[in-house]
Amino acid sequence: MPEFSVPAGHPILAPMTLQVARGDHICLLGPSGTGKTTLLNRLAGLEPGQPRPALRVGYLFQEHRLLPWRTLRDNLRLVGVSRDQVAPLLARVGLADAADLYPDQLSLGMARRAALARCLAVRPDLLLLDEPFASLDPQRAVELQGLIRELLKQFPDMAMICVTHEVRDAEALANRIWYLAGRPACLQFDGALDSTSACFAGLARRLEALGREAASPA
Ligand SMILES: Nc1ncnc2c1ncn2[C@@H]1O[C@H](COP(=O)(O)OP(=O)(O)OP(=O)(O)O)[C@@H](O)[C@H]1O
């Protein structure tokens, strides 16, 4: 995977160079408003003046961003999914019967899964998820988490970076944690996640302490 960098002079992010390996499953945590979405945009090559990234990126935005006047089938066809592949792709995300529905006919959870299908359509090297569980009821959130875990198993070379506010999401999905904080924001923690409960509890306490430090005046 190529190196990612943030140049000096960025309005909210400190200069940094980030290495992401194939198959990395990273959860990106940090206080609200720190710049987590901005960092994802940077990684996706969406900031003004950035060149196209040298890898395929699937980006699940906070909103589904499907075209509301097109069916799911057409939304997928427009990103290059062949006629034959629409049904299998929708089946992968549990929407086998939804090809002819419009985005407005979907629940929030279904729309997010449809958007996830569109991300997968580009066969991404890097999957970016921006708060995928936000606003879902606990049952739907657990279902989506299970689906994402399954997809990560099916695509072992794909790297994932998932923004979340819940340390528990990291426990379920990640093998690595980034903690972004400060102004300008930088990665104050980048480490492997050992999901044994003792280590995990220690990590959660450490991230909480980093959050308190970041929030306290200098
Ligand atoms: N180019 C820019 N110039 C100035 N400010 C910016 C720029 N890009 C983003 N911001 C501001 O930086 C802040 C951080 O935004 P961002 O959405 O990335 O944070 P976040 O950590 O994802 O927040 P949340 O957890 O609440 O979703 C916001 O107030 C945003 O308006």
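Throughout this document, residue positions are counted from 1 along each chain, in the order its sequence is written. Local features in this predicted model are restricted to residues whose pLDDT is 70 or higher, and side-chain atom pairs enter the listing and the counts only when it is 80 or higher, whereas totals over whole chains, interfaces and linings include all residues.

In the annotation of an unreviewed UniProt entry, the protein chain is listed under the name ATP-binding cassette domain-containing protein and assigned to Billgrantia tianxiuensis. UniProt positions are given in the numbering used here, feature names are shortened, and annotations may be inferred rather than shown by experiment. If you open the UniProt record of the protein chain and go to Sequence similarities (unreviewed entry), you find "Belongs to the ABC transporter superfamily."

A. A look at the sheet that holds strand β4 (residues 57-60). Read from one edge to the other, the open sheet built from six strands follows the order β4-β5-β6-β3-β7-β8, with strand pairing classed as mixed. Sheet topology places β4 and β8 (186-192) at the edges, where each strand pairs with a single neighbour. Between one strand axis and the next, the sheet turns by 15 degrees as a mean value, whatever way the strands run. Paired strands, in this sense, are two strands between which DSSP finds at least two bridges. The way it works is that DSSP assigns letters per residue, a run of H or I at least four long becomes a helix, a run of E at least two long becomes a strand, and they are numbered from the N terminus. For strand β5 (residues 126-130) and strand β6 (residues 159-163), the ladder comprises five bridges, and the chain directions are parallel. In the sheet register, Leu128 faces β6, and the bridge partner there is Ile161. Here helix α4 (residues 108-121) sits on the sheet in contact with β4 and β5, set at roughly 170 degrees to β4. Axes here refer to lines fitted to C-alpha atoms; in helices the fit is confined to the stretch in contact. Angles between the N-to-C directions go from 0 to 180 degrees. Residues are defined as contacting one another if the C-beta atoms placed from their backbone atoms lie within 7 Å.

B. View of the site of the ligand. In the vicinity of the ligand, the contacting residues are Pro11, Ile12, Gly30, Ser32, Gly33, Thr34, Gly35, Lys36, Thr37 and Thr38. Residue composition of the shell around the ligand, grouped by class: two nonpolar, seven polar and one charged. To decide whether a residue is near a molecule or strand, its C-beta atom is placed from the backbone and checked for lying within 6 Å of it. Gly is put with the polar residues, along with every residue not named as nonpolar or charged; the nonpolar set is Ala, Val, Leu, Ile, Met, Phe, Trp, Tyr, Cys and Pro, and the charged set is Asp, Glu, Lys and Arg.

C. The arrangement of the nonpolar core in detail. Buried Ala, Val, Leu, Ile, Met, Phe, Trp, Tyr and Cys residues whose C-beta atoms connect them within 7 Å together make up a nonpolar core. As a rule, residues whose C-beta atom has 12 or fewer other C-beta atoms within 10 Å are exposed, those with 20 or more are buried, and those in between are partly exposed; C-beta atoms are placed from the backbone. In terms of nonpolar packing, the biggest core is built from 56 residues, with Cys27, Leu28, Ala117 and Leu128 touching the most fellow members. Either an automatic procedure or a domain database provided the assignment from which the domain bounds are taken. Both domains that meet at this core, namely domain 1 (4-56 + 125-215) and domain 2 (67-123), each give it at least three residues. Contact partners of Ala117, with chain neighbours within four places excluded, come to Leu76, Leu89, Leu90, Arg92, Val93 and Leu95.

D. View of the domain arrangement of the protein chain. We note that the domain assignment places domain 1 (4-56 + 125-215) and domain 2 (67-123) within the protein chain. Taken together, the eight residues of domain 1 in the interface contact nine residues of domain 2. The biggest single contributor to the side of domain 1 that touches domain 2 is helix α5 (residues 138-154), with three residues. Across the side of domain 1 that touches domain 2, the residue classes tally to five nonpolar, one polar and two charged.

E. Up close: the environment of Ile26. Along the chain, Ile26 falls in strand β3 (residues 25-29). On the basis of neighbour count, Ile26 is assigned to the buried category, with 22 C-beta atoms found within 10 Å. Between the C-alpha atoms of Ile26 and Phe155, which are 129 residues apart in sequence, the distance is 15 Å. The residues contacting Ile26, other than those within four sequence positions of it, are Val20, Met160, Ile161, Ala174, Arg176 and Trp178.

F. Broad picture of the pairing of β5. In terms of residue burial, β5 counts as a mostly covered element, since five of its five residues are buried. Residues of β5 alternate between two faces, with Leu126, Leu128 and Asp130 on one and Leu127 and Leu129 on the opposite face, all of them buried. As defined by bridge partners, β4 adjoins β5 across four bridges and the pair is classed as parallel. Bridging from a neighbouring strand, Leu60 pairs with Leu129 of β5. Here, the term right-handed applies to a crossover whose path from the first strand over the helix to the second runs clockwise when the strands point away from the viewer. Handedness of the β-α-β unit built from β5, α5 and β6 comes out right-handed.

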